[in-house]
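# Inside the fold
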Amino acid sequence: MHTIRLIYASDAREDLRYRDFMTIMDTAAATNRESAITGILCYGGGQFLQALEGERLAVNALYHRIAKDPRHANCQLLSVEEISTRDFAEWSMKIVDWNDAVTAARQTMLLRHSGSRQFDPAHMSGQQAAGFLRDLAAMERLLTE
Ligand code: FAD
C-alpha cells in the first residue's frame with residue numbers, strides 16, 4: 001500500500017458563503033473518514049489550499065472528484081509525495097478560515113513560508129505550501145489544547 005499527501009490550490013466561486021463551507025466540511029468529514037483520508041483545508045482571499053493524505057488510489061479518486069466541483073475553479077496541483085507519517089492524522093478534514101483570525105503569529109508564519117503577507121497559495125511552491133499547512137495545523141492544535 002502506498003500512502004501519499006496531495007496538495008492543491010484553487011479559486012473559490014465568488015459567491016461562496018460560510019454555510020457553503022459548512023456543507024463542504026460535513027460531506028468531507030463523513031466521506032473522508034470512510035476512505036481513511038485525513039487533511040486540512042484552508043480558505044482565504046478567495047482561494048483554497050487543501051492537503052489530502054491517504055491511500056494513493058483513494059486520494060486520487062477524491063482529488064478528481066473535487067477538481068470537478070463547481071464551487072471552485074483553476075485547481076492546481078502543488079505537490080504529490082509518498083509519506084510514511086501523516087501530518088494531519090487526527091482530522092478527517094480540518095477547515096481553517098484564514099480571514100477569521102489573521103494574528104501577528106499567523107502573518108509571520110505565512111511570510112516565513114511564502115515570502116508574502118498575502119494568503120496566495122496559487123503562487124506557493126509545493127514545499128512552501130506543505131510547510132505552511134504543517135505550521136497552520138500546529139497553531140490550530142494549540143488553540144484546541
Ligand atoms: P454529489 O454530492 O453527487 O454531487 C454531484 C456534483 O455536484 C459534484 O460535481 C459535486 O461536486 C457538485 N455539488 C455537490 N454539492 C454541491 C453544492 N452544494 N453546490 C454546488 N455543487 C455541488 N469532498 C470530500 O469528500 N472530501 C473532501 O476533502 C472534500 N474537499 C473539498 C474541498 C473543496 C475546496 C471543495 C469545493 C469541495 C470538496 N469536497 C470534498 C466536495 C467534493 O467536491 C464533492 O462534492 C463530494 O465529494 C461529493 O461528491 P459526489 O461525486 O458524491 O457528488
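Above this note sits the structure.
Residues numbered from 1 in each chain as written. Predicted model: local features only at pLDDT ≥ 70, side-chain atom pairs only at ≥ 80, totals over all residues. Heavy atoms only, no water.

### Re the sheet that holds strand β2 (residues 38-44)
Convention followed: DSSP-based pairing: two strands are paired if at least 2 bridges between them are found. Elements are defined by DSSP. Helices are runs of H or I of four residues or more, strands are runs of E of two residues or more, and each kind is numbered from the N terminus. Axes here refer to lines fitted to C-alpha atoms; in helices the fit is confined to the stretch in contact. Angles between the N-to-C directions go from 0 to 180 degrees. Note on contacts: a residue pair qualifies if any of its non-hydrogen atoms lie within 4.5 Å across the two residues.
As summarised here, the arrangement of the 5 strands in space is β4-β1-β3-β2-β5, forming an open sheet in which the pairing is mixed. Strands at the two margins of the open sheet, each flanked by one partner only, are β4 (72-82) and β5 (94-97). Across the sheet, the axes of successive neighbouring strands diverge by a mean angle of 15 degrees, strand direction being ignored. Sheet topology note: the β2/β5 ladder contains 4 bridges and is parallel. Its bridge partner lying in β5, Ile40 is registered against Lys94. Across the face of the sheet, helix α4 (residues 126-144) comes into contact with β1 (3-12), β2, β3 (47-55), β4 and β5 while running at roughly 95 degrees to β2.

### Quick look at the site of the ligand
We apply this condition: Note on definitions. A residue lies near a molecule or strand when any single heavy atom of the residue is within 4 Å of it. By the criterion applied in these results, polar contacts are pairs of N or O atoms within 3.5 Å in which, for protein atoms, one can donate a hydrogen and the other can accept it, and in which residues neighboring in sequence qualify only through two side-chain atoms. Where accessible areas are quoted, they stem from the Shrake-Rupley method and a 1.4 Å probe; at the residue level, only the protein chains shown are allowed to cover. Polar here means any residue outside two lists: the nonpolar Ala, Val, Leu, Ile, Met, Phe, Trp, Tyr, Cys and Pro, and the charged Asp, Glu, Lys and Arg; Gly therefore counts as polar.
Neighbouring the ligand are 18 residues, the closest being Thr31, Asn32, Gln50, Asp69 and Arg71. In the environment of the ligand, an oxygen atom lies 2.6 Å from a nitrogen or oxygen atom belonging to the side chain of Asp69. For the ligand, the protein covers 66% of the area, taking 900 Å² as the surface of the free molecule. Of all the secondary-structure elements, those providing two or more residues to the shell around the ligand are α1 (18-34), β3 and α2 (56-67). Among the elements that make up the shell around the ligand, the one with the highest residue count is α1 (5 residues). Broken down by class, the residue content of the shell around the ligand amounts to 10 nonpolar, 5 polar and 3 charged.

Nothing here speaks to function; it is all geometry.
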